[in-house]
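# Reading the structure
So the chains spell out like this:
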Amino acid sequence: MTTFQDIFKSSFLENVNSVSLLDMLLALALAFGLGMFIFLVYKKTFSGVMYSSSFGVTLIALTMITTIQEPCSREQILNAAEELRQALAEAEDMYLDGTEAEQQIN
């Protein structure tokens, strides 16, 4: 389980700085527009008994929250992929070393 201390020990804060302020503002504006579109589709197509405008606001908020969270996740995914690649390379090296040792014995 990840704690707040683990997050602050990792490069989480460094990853936040890897996205420029202009890029983040542009992404948030686009997310707001997309959220508004989803909200309007919900409003036009809703056919139930009780229409909930607060649910529509939640749809907009979710698109914006996801937009803020995504760049940090992307960095974590890239770091995990790099660690996996290194682990696979080490495993391959160990396998090849074991195969060479076995051939020398025979």
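Description of the structure in this document. (Residues numbered from 1 in each chain as written. Predicted model: local features only at pLDDT ≥ 70, side-chain atom pairs only at ≥ 80, totals over all residues. Heavy atoms only, no water.)

## Quick word on the overall build of the protein chain
Secondary structure summary: the protein chain contains four helices and zero strands in total. For the protein chain, the N- to C-terminal ordering of α and β elements is α-α-α-α. By element, 66% of the accessible surface of the protein chain is carried by carbon and sulfur atoms, the whole surface being about 8,900 Å². (Helix = DSSP H or I, 4+ residues; strand = E, 2+ residues; numbered from the N terminus. Areas by Shrake-Rupley, 256 points an atom, 1.4 Å probe, with all protein chains shown as cover.)

## Focus: the side chain of T63
Relative to the helices and strands, T63 resides in helix α4 (residues 53–105). A residue is classified by how much of its surface remains accessible, and T63, at 15% relative accessible area, is buried. A polar side-chain atom of T63 sits 2.6 Å from the main-chain carbonyl oxygen of I60. Those residues in contact with T63 that lie beyond four places of it in its chain are A31, G35 and I38. (Buried < 20%, exposed > 50% of the residue type's maximum accessible area, 1.4 Å probe, protein only. Polar contact = N/O pair within 3.5 Å; in protein donor to acceptor, adjacent residues only side chain to side chain. Contact = heavy atoms within 4.5 Å.)

## A look at the pattern of salt bridges
Evaluation of the coordinates by the stated rule reveals one salt bridge. The residue R85 makes a salt bridge to E82 at a minimum N-O spacing of 2.6 Å. With R85 and E82 both in helix α4 and three residues apart, the pair spans about one turn of that helix. (Salt bridge = Lys/Arg side-chain N within 4 Å of Asp/Glu carboxyl O.)

## Digging into the packing of aromatic side chains
A complete count under the given rule lists four aromatic pairs for this structure. Ring plane angle 70° and centroid distance 5.2 Å describe the contact between Y42 and F55, whose orientation is recorded as edge-to-face. Taken together, the residues Y42 in helix α3 (residues 21–45) and F55 in helix α4 connect sequence positions 13 residues apart. Judged by its relative accessible area of 39%, F55 falls in the partly exposed class. Clustering of aromatic rings is evident, with ring pairs tying together Y42, F46, Y51 and F55. (Phe/Tyr/Trp six-rings, centres within 6.5 Å; stacked < 30°, edge-to-face > 60°.)

## A word on α3
A turn of α-helix holds 3.6 residues, and therefore any two residues three or four places apart point the same way. With 25 residues, α3 ought to run about 36 Å at 1.5 Å a step, and its terminal C-alpha atoms sit 36 Å apart, in line with that. Buried residues of α3: M24, L28, A31, G35, F39 and Y42, and no others. (Expected span 1.5 Å × (residues − 1).)

## Comments concerning a negative patch on the surface
Among the surface-exposed residues, E90, E92, D93 and D97 lie close enough to one another that they form a single negatively charged patch. Within the fold, D97 resides in helix α4. (Patch = residues over 30% accessible without salt bridge, like charges linked within 9 Å, V, L, I, M, F, W, Y side chains within 5 Å. Lys, Arg positive; Asp, Glu negative; His and termini not counted. Charge placed at Lys NZ, Arg CZ, Asp CG, Glu CD.)

## With respect to the side chain of T67
With respect to the secondary-structure elements, T67 resides in helix α4. Residue contacts for T67: discarding those within four places in its chain leaves M24, A27, L28 and A31.

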